[in-house]
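A structural walkthrough
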Amino acid sequence: MKLTVHTFLTLDGVMQGPGGADEDTTGGFTQGGWSVGYSDEDFGRIVTGWFEKADAFLFGRTTYDLMAGYWPSVNDPDDPVSTALNTKQKYVVTTHPVPTTWGPTAVIAGDLIDAVHELKAKPGGELQVHGSWELANALHNDGLVDEFRLLIFPVVLGAGKKLFAEGSAESGFEVVERDVTSEGLTALVLRPAPIKYGEVHVADAAQAATG
C-alpha cells in the first residue's frame, strides 16, 4: 500500500486543533478552530476525494480517540467520508487497550517502523494518515511517506504543533497536483524528492530583472 499523509496547515505550518477550541489543547494551545471559517464546496470536494482513495487508516492515539468519539454516530451511507472511516481497517499506534466500538481496528504496540513497513507491503491502494502529528513527523523522518496531501489556510498562529517541526529530515518535494478553493485555500499533493540546490549569481539576477 502507498502511505499518504493528509493534514490542514496554517501558513506557518501549524496543524494543531483546526476543527475546534477543545480539539487539542496540548501545550496550552488556545487557538483551535482556525480552519472552520474557510469551508466551501471546493473544500468538501478535496477532502472527500482524499477519503475516497483510502483502503486503510493509520492513526496516532490522540487522533484516533478524537475521531472515534464522533464518526461512529454518523451513519449516512451516501457520505463517503463516514463510510470510509467507519468500515475500513484502522490501525492505531498505542501501548494501551483500544475500545472496540469503532469498526475494524488493530493496535500497533511494538516497533512502529517495522510495523509500517509490513503494512506498506500489504496489497491495496492507500494507507492514510490523518492528523496524528507525532506519528506523521516520525513517518516523514524515517522516509516512509509516499505522498503528502496538504490543505493550506491563510492563517498564521505563531505557535502550535507543526507538521515539519524544527529538526525534521530534509526533503524536497515534487508538486503532483495543486488546486485553489474559492475561499483561498491552497491544496497541494507532494511527493518527496531530492532538494534542488544551486546558487544565484549577480549576472543571472540582473538578466532576470531586465528580461
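Just so it is clear, the model here is predicted, and its values are computed rather than measured. (Residues numbered from 1 in each chain as written. Predicted model: local features only at pLDDT ≥ 70, side-chain atom pairs only at ≥ 80, totals over all residues. Heavy atoms only, no water.)

Examining the layout of surface pockets
Space inside the largest pocket adds up to approximately 1,000 Å³. Around the largest pocket, the lining is made up of 37 residues, and of these Glu23, Thr63, Leu66, Met67 and Gly131 lie nearest the centre. At the level of secondary structure, the elements contributing two or more residues to the lining of the largest pocket comprise strand S1 (2-9), helix H1 (41-52), helix H2 (61-68), helix H3 (80-87) and helix H5 (133-141). By residue number, the principal contributor to the lining of the largest pocket is H2, which donates five residues. Here the lining of the largest pocket is composed, by residue class, of 19 nonpolar, 13 polar and five charged. (1 Å grid on protein atoms, 1.4 Å probe; cavity = no way out; pocket = protein on both sides within 12 Å on 5 of 7 lines; lining within 4 Å. Points joined across faces, edges and corners; volume = space filled by probe spheres on them. Helix = DSSP H or I, 4+ residues; strand = E, 2+ residues; numbered from the N terminus. Nonpolar A, V, L, I, M, F, W, Y, C, P; charged D, E, K, R; others polar.)

Describing the nonpolar core
In terms of nonpolar packing, the biggest core is built from 28 residues, with Phe8, Phe51, Leu85, Leu151 and Phe153 touching the most fellow members. Elements that contribute at least two residues to this core include exactly H1, strand S2 (54-60), H2 and H3. The leading source of residues in this core is H1, at five residues. Leave out the neighbours within four places in its chain, and Leu151 touches Thr7, Phe8, Leu9, Phe43, Ile46, Val47, Trp50, Leu185, Thr186 and Ala187. In terms of nonpolar packing, the next biggest core, distinct from the first, is built from 26 residues, Met15, Ala136, Phe148 and Ile152 among them. (Core = buried A, V, L, I, M, F, W, Y, C linked by side-chain atoms within 4.5 Å. Buried < 20%, exposed > 50% of the residue type's maximum accessible area, 1.4 Å probe, protein only. Contact = heavy atoms within 4.5 Å.)

Regarding the side chain of Asp12
Residue position: Asp12 is located in the loop between S1 and H1. The side chain of Asp12 sits in the buried core without any salt bridge; Lys162 is the nearest counter-charge, 5.1 Å away. There is a polar contact of 3.3 Å between the side chain of Asp12 and the backbone nitrogen of Leu157. Excluding its chain neighbours within four sequence positions, the residues that come into contact with Asp12 are Val155, Val156, Leu157, Gly158, Ala159 and Lys162. (Lys, Arg positive; Asp, Glu negative; His and termini not counted. Salt bridge = Lys/Arg side-chain N within 4 Å of Asp/Glu carboxyl O. Polar contact = N/O pair within 3.5 Å; in protein donor to acceptor, adjacent residues only side chain to side chain.)

Some points on the pairing of S1
Consecutive side chains of a regular strand alternate in pointing toward one face of the sheet and then the other. Across the eight residues of S1, seven count as buried, placing the element largely inside the fold. Strand direction decides the pairing type here: S1 and strand S5 (residues 126-130), joined by five bridges, are parallel. Among the inter-strand pairings, Thr4 is bridged to a residue of S5, identified as Gln128. (Pairing = 2+ DSSP bridges.)

Section: unusual backbone geometry
Positive phi outside glycine occurs at Ser132, with the angle close to 55 degrees. With respect to the secondary-structure elements, Ser132 resides in the loop between S5 and H5. With relative accessibility at 5%, the residue Ser132 sits in the buried group.

Some points on the sheet that holds strand S7 (residues 172-180)
A sheet is described by the order of its strands in space; here eight strands give the open sequence S4-S3-S2-S5-S1-S6-S8-S7, paired in mixed fashion. Looking along the sheet, the strands with just one partner apiece sit at the ends: strand S4 (105-108) and S7. Taken pair by pair, the neighbouring strands of this sheet meet at an average axis angle of 25 degrees, ignoring direction. Relative to the sheet, H3 contacts S2 and strand S3 (89-93), its axis offset from that of S3 by approximately 65 degrees. Across the face of the sheet, H5 comes into contact with S1, S2, S3, S5, strand S6 (147-152) and S7 while running at roughly 110 degrees to S2. (Axes fitted to C-alpha atoms, helices over the stretch in contact; angles between N-to-C directions.)

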